[in-house]
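# Observations on the three-dimensional arrangement
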Amino acid sequence: LTGGSGTGAEATIVTTGDAAISGSITIGGSGYVDNTYNFVEVFNEPAQTFVVTSIANPNAGQPGEPNFIYQIDGNTKPLLTIEVGNTYRFDMSDTSLDPSNGNDPGANHRLTFQMADGSSPVAGYEFYNKGTTGTTGAFQDLIIKATAGTGTNVIRYDCANHPGMAPAGGNITVNNGTIGQY
């Protein structure tokens, strides 16, 4: 971003460790002025991106079964394995998750994460939502800090509005491994 004109300027900046972001715009082009911009978004580079969609549940109508269930990377209600000390991105942009889609009108299939027992996440886990579920660019990051606990079925994912779209109980195993971005 060293000159030119126009709007919608973007930059990719790679940092290692903690970072304090500062700077100024000296040749802003049209629409930008020399100023301090306080809401610069910085995201971790994910170790893996999971693509989330929803499909009609073949067991819908049975007790406790929702009308729709999750598919992740094309697999229905999968158990996931991730590594401590990394960021995992859940791509939530598919229109099957959108509250206004024709297949499931009014249903917002946004993800939520909990401990395996259904309690709120404890220290070591962070979550960040970007965008509106079911629209282009929407995602949710699951950040597993180096201090997070490890083990089989430690945490779980599910739909915030329709429990049962994911496998019951703990469905994410957190292993030790190569630490990346968290």
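Only a predicted model underlies this, so the values are computations on that prediction, with no experimental measurement involved.

Thresholds, definitions, all that
Residues numbered from 1 in each chain as written. Predicted model: local features only at pLDDT ≥ 70, side-chain atom pairs only at ≥ 80, totals over all residues. Heavy atoms only, no water. Phe/Tyr/Trp six-rings, centres within 6.5 Å; stacked < 30°, edge-to-face > 60°. Helix = DSSP H or I, 4+ residues; strand = E, 2+ residues; numbered from the N terminus. Buried < 20%, exposed > 50% of the residue type's maximum accessible area, 1.4 Å probe, protein only. Lys NZ or Arg CZ within 6 Å of the ring centre and 35° of its normal. Salt bridge = Lys/Arg side-chain N within 4 Å of Asp/Glu carboxyl O. Contact = heavy atoms within 4.5 Å. Polar contact = N/O pair within 3.5 Å; in protein donor to acceptor, adjacent residues only side chain to side chain. Core = buried A, V, L, I, M, F, W, Y, C linked by side-chain atoms within 4.5 Å. Pairing = 2+ DSSP bridges. Axes fitted to C-alpha atoms, helices over the stretch in contact; angles between N-to-C directions.

This next bit is on the packing of aromatic side chains. Scanning the model with the defined rule gives five aromatic pairs in all. Seen from their ring centres, F113 and F127 are 5.3 Å apart, and the 10° between their planes marks the pair as stacked. One end of the pair, F113, is in strand β6 (residues 111–115); the other, F127, is in strand β7 (residues 125–130), with 14 residues separating them in the sequence. You can call F113 buried: its relative accessible area is 5%. These aromatic residues form a ring-pair network of at least three members: F50, Y88, F90, F113 and F127. The positively charged end of R89 is found above the aromatic ring belonging to F139, 3.9 Å away from the centroid.

This part takes up the environment of E45. Summarising the element assignment, E45 is placed in the segment before β1 (48–56). Sequence-wise, E45 and G180 are 135 residues apart; in three dimensions their C-alpha atoms are separated by 8.4 Å.

So, about the pattern of salt bridges. A full pass over the atoms with the stated rule returns three salt bridges. For E126, the salt bridge is made with K145, and the minimal N-O distance between the two is 2.5 Å. On the criterion of sequence distance, the pair formed by E126 in strand β7 and K145 in the loop between β8 (139–144) and β9 (151–159) is long-range, its members being 19 residues apart. By relative accessible area, E126 is classed as partly exposed at 36%.

Moving on to the environment of E126. Remark: the alpha-carbon pair of E126 and F113, spanning 13 residues in sequence, is separated by 9.5 Å. Not counting the four nearest positions on each side in its chain, E126 is found in contact with D141, L142, I143 and K145. Only 2.5 Å separates the side chain of E126 from the side chain of K145, close enough to count as a polar contact.

Our next topic: the nonpolar core. Most often, soluble globular proteins have nonpolar side chains that are buried together. Ranked by size, the top nonpolar core spans 28 residues in total, and within it Y70, F90, I144, I155, Y157, I172 and V174 carry the most contacts. A total of four residues in this core trace back to one element, the largest contributor, which is β9.

The next subject is the environment of T135. Along the chain, T135 turns up in the loop between β7 and β8. Given the relative accessible area of 30%, T135 is considered partly exposed. Between the alpha carbons of T135 and D94 there is a distance of 6.6 Å; along the sequence they are 41 residues apart. Setting aside its immediate chain neighbours within four residues, T135 contacts M92 and S93.

Not every positive phi belongs to a glycine, and D73 is a case in point at roughly 50°. Structurally, D73 can be placed in the loop between β2 (68–72) and β3 (75–76). Unlike most non-glycine residues, N153 shows phi in positive territory, near 55°. Topologically, N153 is positioned in strand β9.

Pairing is mixed across the open sheet formed by four strands, whose spatial order is β4-β10-β9-β6. The outermost strands of the open sheet, each flanked by one partner alone, are β4 (80–83) and β6. Averaged over all pairs of adjacent strands, the angle between their axes in this sheet comes to 35°, without regard to strand direction. Pairing of β9 with strand β10 (residues 172–175), which is carried by two bridges, proceeds in the antiparallel orientation. Counted as the bridge partner of G151 is V174 from β10.

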